[in-house]
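Given next are the chains, with one letter for each unit.
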Amino acid sequence: MYQAPRGTVDILPEEQPYWRYIDEKLARICQLYGYERIDFPAFEDAGLFRRSVGEGTDVVDKEMYTFADRGGNLLALIPEGTASVCRAYIEHGLRNLPQPVKLYYVTSVFRYDRPQAGRYRQHHQFGYEAIGDGDPALDAEVIDMGWQFFQSLGLTRLSMQLNSIGCKACRPDYLAALKGYYSGHVDELCPDCKSRLGRNPLRLLDCKKPSCQAIADAAPKSTDYLCADCANHFSQLQRYLSLLGLPFTLNHRLVRGLDYYTRTVFEIQPELEGAQSTVGGGGRYDDLIEGLGGKSTPAIGLAAGMERIILNLKRHGVVVPSLPKPRVFLACLGAPARDETIKLASQLRRVGIEVIQSPGNKSLKSQLRQADAMGAHQTVIIGDREVETGTAILRDMTSAEQQTVPIIRLAEVLCQTIK
Ligand code: HAM
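A brief look at the structure comes next. (Residues numbered from 1 in each chain as written. Predicted model: local features only at pLDDT ≥ 70, side-chain atom pairs only at ≥ 80, totals over all residues. Heavy atoms only, no water.)

## With respect to the overall build of the protein
Along the protein, the regular secondary structure elements total 15 helices and 16 strands. Computed over its C-alpha atoms, the radius of gyration of the protein comes to 28 Å, more than 25% above the 22 Å expected for a compact globule of 419 residues. Here the C-alpha coordinates of the protein stretch approximately 90 × 50 × 45 Å along the principal axes. For the protein, buried positions account for 51% of its 419 residues. (Helix = DSSP H or I, 4+ residues; strand = E, 2+ residues; numbered from the N terminus. Rg over C-alpha atoms; globule rule 2.2 N^0.38 Å. Buried < 20%, exposed > 50% of the residue type's maximum accessible area, 1.4 Å probe, protein only.)

See the structure below:
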C-alpha cells in the first residue's frame, strides 16, 4: 500500500474550509496594502538558493531537495519564496516599474525537515515582498500588514519579536565580538553550535538546546554594534511601530535561519509555544538582489506557514465558515427517469442551482438516506409516472412534505424554496 511520503499530508475536504478562510483573508489584506500576485516555478536552479539563502545554512546544506534533471541541470525544489521573487524581479526588469514593487505569493515549499506537528517536508507559505525602497516606514508597513493579517484571522495571542542584525558595514565587528565571546564557552556548547561557530556564529544565538540558551542570553547584542545608519533605521522603525500601536518585543537572539537578511528581522510567534511554532517571519534583505546579479535594490518581506496558521487557528478555537454544499438532490427511479434526470441536472446547474444526482440503480430509500447525509434541503424525485406526466416530486428534507411540480416550473420553484 502506498502512503503519502513522510512529512507530506493530504488536505482532505474536511480541512478545506481552513484553507479557503485563509485564502480569502490573505487576498483581502494584499488588496488593502497594494500587493499583486506572483507565481513562480516549484523548482529553480539550485545555485539561486546557495547564493541567497546561503551555503552553511540548514535550509541549503541539510534540507534542500536537490536533483539533476535529465539534461544534467542541477535544480532544487524551492525551499522558500523570496529568492524566486528576486530572480523574477531581475529577470523581468521589474525595476522599471514604480518602486517599491509589491508582490505576494502562495506556494508549496520543500524542506527535508524532521517531521512533527506543524513541521513538514512539503508545506505551504503565504509570502509578500516589497522591493525597491529602503525607508524604515516600509519596514513598519510590512510588519503592520503581517500583524493585521493575523488579527483578521482571529489569531490574537501572538507576539511580534523584533531585532536588527546590521548591515555589511557593521556586522563584521559584531561577528568578531560574538566569536570572541563564544570562544570562551566552547566546551559548554552543543556539537551543532561548536561546528557553526567558525562558519556562522549568528546562528548560535537561536540554538534551541537548553544548555546553549543561557550562553546565548548573555551574548553580545547586535543592536550594540549597529553603525549610525542602521541604528537610525532601527530607532525610526520602532518609532513608527509605536505610532501604529503595534506591540513588539525586542529580542536580541532573533537572527533568522537564512543568510540574506540585513538590518530588520522579525518573527510572529504564538505567546505560549514561542519560537518552536513561529507562524511567520521575515526581514530586510538589502543586498540580495545585487548578490543575484541585479542592481543594488533594498527590499523587505515576510512569509507565513499556512499549516502553522491552521494549527494556531485550532489552538485559538477560531471557528471558520463551512463551505457551501449543493442543497438539491436528484433521485431517480428507473431507466426512463435516468434520461430525464441527466438532462434536468445539467439544466438546473446552468441556471445556477447546485445539484447532486445519484448514479446507479439505488432504491428510493437509499437515495433519500444519501440526500440526508449530504445535508440536502430539497430532493427532486423522478420515476416512470413523473416522466409520463412531465412532473417531478419535490420533497422538503426537513418536514418530509412533498409536492408535485411541473418540470418546466421546477427551477423557479427550487430557487424560491432554497433561498
Ligand atoms: P522562514 O522563517 O524560513 O522564512 O519560513 C516562513 C514560515 O514558514 C515560518 O515562519 C513557518 O511558519 C513556515 N515554515 C518553515 N518551515 C516549515 C516547515 N518545515 N513546515 C511547516 N511550516 C514551515 C522564509 O522562508 C523567508 N522567505 C521569509 C521572508 C520573506 N523573508 C523575507 N521575505
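## Considering the packing of aromatic side chains
In this structure the tally under the stated criterion is twelve aromatic pairs. With a centroid separation of 4.8 Å and 65° between ring planes, the pair formed by Tyr 260 and Tyr 261 is classed as edge-to-face. Tyr 260 sits in the buried class, given a relative accessible area of 6%. Among the aromatic side chains, those forming a connected cluster through ring pairs are Tyr 35, Tyr 104, Phe 126, Tyr 128, Phe 149 and Phe 150. Between the NZ or CZ atom of Arg 121 and the centre of the ring of Tyr 112, over which it lies, the distance is 3.9 Å. (Phe/Tyr/Trp six-rings, centres within 6.5 Å; stacked < 30°, edge-to-face > 60°. Lys NZ or Arg CZ within 6 Å of the ring centre and 35° of its normal.)

## Section: helix 2 (residues 46–54)
Taken together, the buried positions of helix 2 are occupied by Ala 46, Leu 48, Phe 49, Ser 52, Val 53 and Gly 54. All buried residues of helix 2 lie within an arc of 160° about the axis, which places them on one face of the element. Contacts made by the buried residues of helix 2 are with strand 2 (43–45), helix 3 (58–63), strand 3 (66–68), strand 4 (74–77), helix 4 (82–91) and helix 10 (288–291). Here helix 2 starts with a cap whose side-chain oxygen sits 2.9 Å from the backbone nitrogen of Gly 47, and that cap is Asp 45. Where helix 2 ends, the next residue or the one after it, Gly 56, has phi of about 100°, a positive value. (Arc of directions from axis to C-beta. Contact = heavy atoms within 4.5 Å. Polar contact = N/O pair within 3.5 Å; in protein donor to acceptor, adjacent residues only side chain to side chain.)

## Re the nonpolar core
Grouped together as the largest cluster of nonpolar side chains are 50 residues, with contacts concentrated most on Phe 49, Tyr 182 and Leu 205. Per-element tally for this core: the top contributor is helix 4, with five residues. Once you skip the residues sitting within four places of it in the chain, Leu 205 turns out to touch Tyr 174, Leu 178, Tyr 182, Ala 216, Ala 219, His 252, Arg 253 and Val 255. If you look at the next biggest cluster of nonpolar residues, it comprises 46 residues, including Leu 26, Tyr 33, Tyr 104 and Leu 246. (Core = buried A, V, L, I, M, F, W, Y, C linked by side-chain atoms within 4.5 Å.)

## Re the site of the ligand
Near the ligand there are 26 residues, and of these Glu 80, Thr 82, Arg 111, Glu 129 and Tyr 261 occur at the shortest range. The contact in question runs from a nitrogen atom of the ligand to an N or O atom on the backbone of Leu 302, over 3.3 Å. One nitrogen or oxygen atom from the main chain of Gly 305 is found 3.2 Å from an oxygen atom belonging to the ligand. In the complex, the protein chains occlude 96% of the 650 Å² of accessible area that the ligand would expose alone. The set of elements that each furnish at least two residues to the shell around the ligand consists of strand 6 (122–131), strand 10 (280–284) and strand 11 (299–305). (Near = heavy atom within 4 Å. Areas by Shrake-Rupley, 256 points an atom, 1.4 Å probe, with all protein chains shown as cover.)

## Some points on the layout of surface pockets
Roughly 220 Å³ of volume is contained in the second largest pocket. Around the second largest pocket, the lining comprises 13 residues; the ones closest to its centre are Arg 171, Asp 259, Tyr 261, Thr 262 and Asp 287. Secondary-structure elements contributing two or more residues to the lining of the second largest pocket are helix 2, helix 6 (171–183) and helix 10. Grouping the amino acids of the lining of the second largest pocket by side-chain chemistry returns five nonpolar, three polar and five charged. (1 Å grid on protein atoms, 1.4 Å probe; cavity = no way out; pocket = protein on both sides within 12 Å on 5 of 7 lines; lining within 4 Å. Points joined across faces, edges and corners; volume = space filled by probe spheres on them. Nonpolar A, V, L, I, M, F, W, Y, C, P; charged D, E, K, R; others polar.)

## Points about the sheet that holds strand 2
The strand order across the open sheet built from three strands is 2-4-3, with neighbouring strands paired in antiparallel fashion. Strand pairing shows two members of the sheet lacking a second neighbour, strand 2 and strand 3, which therefore form its edges. For this sheet the average axis-to-axis angle between neighbouring strands, irrespective of direction, equals 35°. Note that strand 3 and strand 4 share three bridges and pair antiparallel. Within strand 4, the position partnered with Ala 68 by the bridge is Leu 74. Sitting on the sheet, helix 2 is in contact with strand 2, strand 3 and strand 4, with an inclination near 75° to strand 2. (Pairing = 2+ DSSP bridges. Axes fitted to C-alpha atoms, helices over the stretch in contact; angles between N-to-C directions.)

## Notes on the pattern of salt bridges
Within this structure, the stated rule accounts for 16 salt bridges. Salt-bridge contacts for Arg 87 lead to Glu 44; the nearest nitrogen and oxygen are separated by 2.7 Å. Remark: Glu 44 occurs in strand 2 and Arg 87 occurs in helix 4; sequence separation between them is 43 residues. The pair formed by Arg 87 and Glu 44 is uniform in burial state, with each residue classed as buried. Sharing partners across several salt bridges, the network here consists of Glu 44, Arg 87 and Glu 91. (Salt bridge = Lys/Arg side-chain N within 4 Å of Asp/Glu carboxyl O.)

## With respect to the side chain of Thr 107
Its place among the elements puts Thr 107 in strand 5 (residues 101–110). With sequence-adjacent residues up to four places away left out, Thr 107 is seen in contact with Phe 40, Ile 78, His 123, His 124 and Gln 125.

## Digging into helix 9 (residues 228–243)
One turn of the α-helix equals 3.6 residues, which is why residues spaced by three or four share an orientation. Between its terminal C-alpha atoms helix 9 stretches 22 Å, which fits the 22 Å expected from 16 residues at 1.5 Å a residue. Within helix 9, the full set of buried residues consists of Cys 230, His 233, Phe 234, Leu 237, Gln 238 and Leu 241. Angular distribution of buried residues about the axis of helix 9 spans 130°; they occupy a single face of the element. For helix 9, exposure combined with an orientation more than 90 degrees from the buried face picks out Ala 228, Asp 229 and Leu 243. Backbone geometry just downstream of helix 9 places Gly 245 in the positive-phi region, at approximately 70°. (Expected span 1.5 Å × (residues − 1).)

## Regarding the sheet that holds strand 15 (residues 391–396)
If you walk across this open sheet you meet the five strands as 13-12-14-15-16, and the pairing is mixed. Each having just a single partner strand, strand 13 (355–357) and strand 16 (402–406) make up the two edges of the open sheet. Ignoring strand direction, the axes of neighbouring strands in this sheet form an average angle of 25°. Across the sheet, helix 12 (residues 335–350) lies against strand 12 (328–332), strand 13 and strand 14 (378–382), angled at about 160° from strand 13, the strand it touches most. In the packing of helix 13 (residues 364–373) onto the sheet, contacts are made with strand 12, strand 14 and strand 15, and the angle to strand 12 comes to roughly 170°.

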